[in-house]
Amino acid sequence: MPSPLSADRPAPPPPERDAVDAVDALINRSRRLRGDVDAVRRDAELIDEDDLQMRWQRALCELAVHHLDNLGTQLGQLRKGLAPEASEQPTGTSTQDATEETFDEPRPASLIGRVGSAEWNLLTDEVTWSEELFQIFGRSPDAGPLALDDLPSMLLPEDQPLLTALVTDCLVDGKPIDGEFRILRTDGRMCTLHIMGEPVLDAEGCTASMWAVLRDVSELRRSQRVVRTTHDSLQRRQHMARTEHQMAVELQEAVLPPWRGSLRLPSQGEGGLDISAHYLPSESSSLIGGDWYDALELPDGRTVLTVGDLTGHGIQATSAMAMLLGALRGMAVAGIEPGALMGHLNQLLESAVQPALGSAVYCRFDPATGTLAWSQAGHPAPLLFRNGEGRPLTPPDGVLLGAASGVAYEQDEVHLLPGDVLVLHTDGLNPRSDRGASPDALLALAPHFAQARTAQECVRTVVAEFGGTERLDDACVLIARIGG
């Protein structure tokens, strides 16, 4: 009994020309949209494979392309049913040429090999398969179609009970069929098929046959799996990033000095330092780096000022910063000279489990003599502001921490006067992390520093000037004002 929805039924009489034109217009629109989406997909292929966000977007594009391919081929089949047969044959192509396709290799982006139909007659045991269904199963038409009892043999063992249940419900209870199963083709390739069908009743209301339409959804399901997998991976990566970011923030807050606002060191006596500092996050606040600042009063009354920066971001950078700053504080209390202290930090960073590079400046101020002894390791020199003018101190020799072994770090001394302002900063303070930028922007603040009464006012001036600057890296600034 012929199926009422058989894919092989004769084409209806040609409709009005406007219907054909409407379908042609839809085909053209789907092709243009498919081309636009494919262009986005090709651009996404150039991205880094480690970028999960872009991999997920690329998978979505591939899935959209598959849907548009299906839409285009279905519109093509509709167009084939609407248009006269003469319009089906391109110029120079014969009917024989059009049918000389191999049964197991469908044309790209063609409905052939993607959707086929079948009918199983229960009264005559006659089985009818469309040509497309032979292509889907990779089965030669000469071998004939499979009977219902033989069809499960093509399925994966775990999917056979599902098909049996669907067929039984259809033949016994008259329920429509709607499900998916996987087959193993004769060429060894596995395909996922979606089946839809229903029973065909005779005049007495008994099931006479069963018809079905089967669609190869292998590529569609593969694309959906890629989308789902990359999306799940992206969510896990984002969760891990948020967790690591929170850990880095908590570690940074635990390691950096707890004081806020102004700090006076030493706390007793004259000639001390009025100190204030500020941490400036990067343009992307999720990037927590290894920047530090610290001020520490030593047992002998002298004061330590230091800022530094380690390469990298996240928990690895902040944990290395915690290790380095802890070592610096211990050696400072032990009375290690600035140059030798920097050499020990270099050795410590070089022998660390997680190698890194860092820059630092270490200053030790003696309020009794007004002498500042300092050393640096590949770091911007402190800026000295006096009488409304500013200049960078001449740096002693010192390479980046962790860059070379066995190197010596020099130290220098400078005499500070009451009212002087000393600015220590990391290079992330410069716009777009321009490590080669000059300190001119900071030096231009000299008139403001001359009018400031406290170090905290100076810091507020710096934050007002640089706080809104686009920075790829975080930064910190520490300002000390020498008291009278």
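Residues numbered from 1 in each chain as written. Predicted model: local features only at pLDDT ≥ 70, side-chain atom pairs only at ≥ 80, totals over all residues. Heavy atoms only, no water.

Some details on the pattern of salt bridges
Alright, step 1. Applying the stated rule across the entire model yields ten salt bridges.
Alright, step 2. Across the salt bridge formed by Arg222 and Glu219, the nearest N and O atoms sit 3.1 Å from each other. Taken together, the positions of Arg222 and Glu219, both in helix H6 (residues 218-255) and three residues apart, correspond to about one turn of that helix.
Alright, step 3. By relative accessible area, which is 31% here, Arg222 ends up partly exposed.
Alright, step 4. The partly exposed category is assigned to Glu219, whose relative accessible area is 39%.
Alright, step 5. Salt-bridge contacts for Asp300 lead to Arg302; the nearest nitrogen and oxygen are separated by 2.8 Å. (Salt bridge = Lys/Arg side-chain N within 4 Å of Asp/Glu carboxyl O. Helix = DSSP H or I, 4+ residues; strand = E, 2+ residues; numbered from the N terminus. Buried < 20%, exposed > 50% of the residue type's maximum accessible area, 1.4 Å probe, protein only.)

Re the nonpolar core
Alright, step 1. Judged by nonpolar contacts, the single largest core of 48 residues is most densely connected at Trp292, Leu305 and Leu401.
Alright, step 2. Take this core: its biggest share by element is seven residues, from helix H7 (residues 315-333).
Alright, step 3. Filtering out sequence-adjacent residues up to four positions away, Leu401 remains in contact with Leu324, Met342, Leu345, Asn346, Leu349, Ala356, Leu357, Gly358, Ala360, Ala377 and Tyr409. (Core = buried A, V, L, I, M, F, W, Y, C linked by side-chain atoms within 4.5 Å. Contact = heavy atoms within 4.5 Å.)

Some thoughts on the sheet that holds strand S14 (residues 412-415)
Alright, step 1. Pairing is antiparallel in the open sheet, where five strands are placed in the order S8-S9-S10-S11-S14. Each of the sheet's edge strands pairs with one partner strand only, and the pair in question is strand S8 (292-297) and S14. On average, each strand axis in the sheet is inclined to that of its neighbour by 15°, with strand direction left out of account.
Alright, step 2. Across four bridges, strand S11 (residues 371-377) lies against S14 in antiparallel orientation. The residue of S14 that forms the bridge with Leu372 is Val414.
Alright, step 3. On top of the sheet, H7 reaches S8, strand S9 (303-310) and strand S10 (358-366); it is set at about 20° to S8, its chief contact. (Pairing = 2+ DSSP bridges. Axes fitted to C-alpha atoms, helices over the stretch in contact; angles between N-to-C directions.)

A short note on the sheet that holds strand S3 (residues 177-184)
Alright, step 1. Sheet architecture is open: five strands sit in the order S2-S1-S5-S4-S3, paired in antiparallel fashion. A single partner strand is all that each edge strand has here, and the edge strands are strand S2 (127-129) and S3. For this sheet, the mean angle separating the axes of adjacent strands, direction not counted, is 25°.
Alright, step 2. As paired strands, strand S4 (residues 190-201) and strand S5 (residues 207-216) are joined by nine bridges and run antiparallel to one another. Looking at the pairing, Leu193 lines up with Asp216 of S5.
Alright, step 3. Packing against the sheet, helix H5 (residues 160-173) makes contact with S3, S4 and S5, and its axis sits at approximately 145° to S3.

Any functional reading would require information that these geometric values do not contain.
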